[in-house]
Amino acid sequence: MPEFLYKLQLARGDMLRTGPTDSEQAVVAEHFAYLQDLNAQGVIILVGRTLNTDESTMGLTVFRAESEDAARQIMNGDPAIKKGVMTATLYPFRVVLQGK
């Protein structure tokens, strides 16, 4: 099955430095639950984020989908994207090496 990566960036770049609003915090919790559900379904290969707190911080989700359209639906179904807390860019991707 094809693999894809979506890169996430915060819509409000200073959120990690100044702290999330209550509504942002709720959306981030929904985002994490969404990714956990995809992981339980076997869709997710890897999810992570950089640890810097400036505007260049980003998250990555590497996953499998039937097609680019299906991958875009998964990305756009992420509550953080739907609710505007994060922006995302989709890339076709291929895992070449994977650790244990």
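You'll find the structure just up there.
Position labels on residues start from 1 in each chain and follow its written sequence. Only residues with pLDDT of at least 70 are given local features in this predicted model, and only at 80 or more are side-chain atom pairs given and counted; all residues enter the totals for whole chains, interfaces and linings. To obtain the side-chain values, all non-hydrogen atoms of the structure were included, while hydrogens and water were left out.

Novice: Describe the overall build of the chain, with residues and values.
Specialist: Where helices and strands are cited, they refer to DSSP runs of H or I of at least four residues and of E of at least two residues respectively, numbered from the N terminus. Per the secondary structure count, the chain includes four helices and four strands. Beginning at the N terminus, the succession of helices and strands in the chain can be written as β-α-α-β-β-α-α-β. The C-alpha atoms of the chain give a radius of gyration of 14 Å, which matches the 13 Å a tight globule of 100 residues would have. Counting only C-alpha atoms, the chain reaches 40 × 25 × 20 Å along its principal axes. Counting only residues that meet the buried cut, the chain has 33% of its 100 residues in that class. In short, Shrake-Rupley with a 1.4 Å probe defines the accessible areas, and a residue's cover is counted only from the protein chains shown. As presented, the chain carries roughly 6300 Å² of accessible surface, and 54% of it is formed by carbon and sulfur atoms. In this charge count, Lys and Arg are treated as positive and Asp and Glu as negative; neither His nor the chain ends contribute. Working definition for charges: the position is that of NZ of Lys, CZ of Arg, CG of Asp or CD of Glu. Both charge centroids of the chain, one from 10 positive and one from 12 negative side chains, sit 5 Å from each other. What the globule rule says is 2.2 Å times the number of residues to the power 0.38, and the radius of gyration is computed from C-alpha atoms. Using a 1.4 Å probe on the protein chains alone, a residue whose accessible area is under 20% of its type maximum counts as buried, one over 50% counts as exposed, and one in between counts as partly exposed.

Novice: So, the environment of Thr 61: which residues are in play, and what are the values?
Specialist: Inspection of the secondary structure assignment puts Thr 61 in strand β3 (residues 59-64). Note: C-alpha distance between Thr 61 and Val 47 (14 residues apart in sequence) is 4.5 Å. We call two residues in contact whenever any of their non-hydrogen atoms come within 4.5 Å of each other. Excluding residues that lie within four positions of it along the chain, Thr 61 makes contacts with Phe 4, Leu 5, Tyr 6, Leu 8, Leu 35, Ile 44, Leu 46 and Val 47.

Novice: How would you sum up helix α3 (residues 68-76)? Please name residues and give values.
Specialist: When α3 is considered as a whole, its buried residues turn out to be Ala 71, Ile 74 and Met 75. Take α3 and look down its axis: the buried residues cluster within an arc of 100°, on one side only. Turned more than 90 degrees from where α3 packs its buried face, Asp 69 and Gln 73 sit exposed. Next to the buried residues of α3 lie β1 (3-10), α2 (22-40), β3, α4 (79-82) and β4 (86-93). To obtain the arc, one takes the directions from the helix axis to the C-beta atoms.

Novice: Explain the pattern of salt bridges to me, using residue names and the numbers behind them.
Specialist: Every case where a carboxyl oxygen of Asp or Glu lies within 4 Å of a side-chain nitrogen of Lys or Arg is listed as a salt bridge. A complete count under the given rule lists five salt bridges for this structure. The residue Asp 14 makes a salt bridge to Arg 12 at a minimum N-O spacing of 2.9 Å. According to the relative accessible area criterion, Arg 12 is partly exposed, its value standing at 27%. Between Glu 30 and Lys 83 there is a salt bridge, with its nearest N and O atoms 2.8 Å apart. Placement of Glu 30 in helix α2 and of Lys 83 in the loop between α4 and β4 is noted, with a sequence separation of 53 residues between them. Given the relative accessible area of 48%, Lys 83 is considered partly exposed. Taken together, the salt bridges that share partners define one network made up of Arg 12, Asp 14 and Glu 24.

Novice: Could you give an account of the nonpolar core, naming the residues involved and the relevant values?
Specialist: By size, the foremost hydrophobic cluster in this structure holds 21 residues, and its most contacted members are Tyr 6, Leu 38, Phe 63, Ile 74, Met 86 and Leu 90. Only β1, α2, α3, α4 and β4 provide two or more residues apiece to this core. With residues up to four places along the chain from it excluded, the contact list for Leu 90 reads Phe 4, Leu 5, Tyr 6, Phe 63, Glu 68, Ala 71, Arg 72 and Met 75. As used here, the term nonpolar core means buried Ala, Val, Leu, Ile, Met, Phe, Trp, Tyr and Cys residues forming a set that is joined through side-chain atoms within 4.5 Å.

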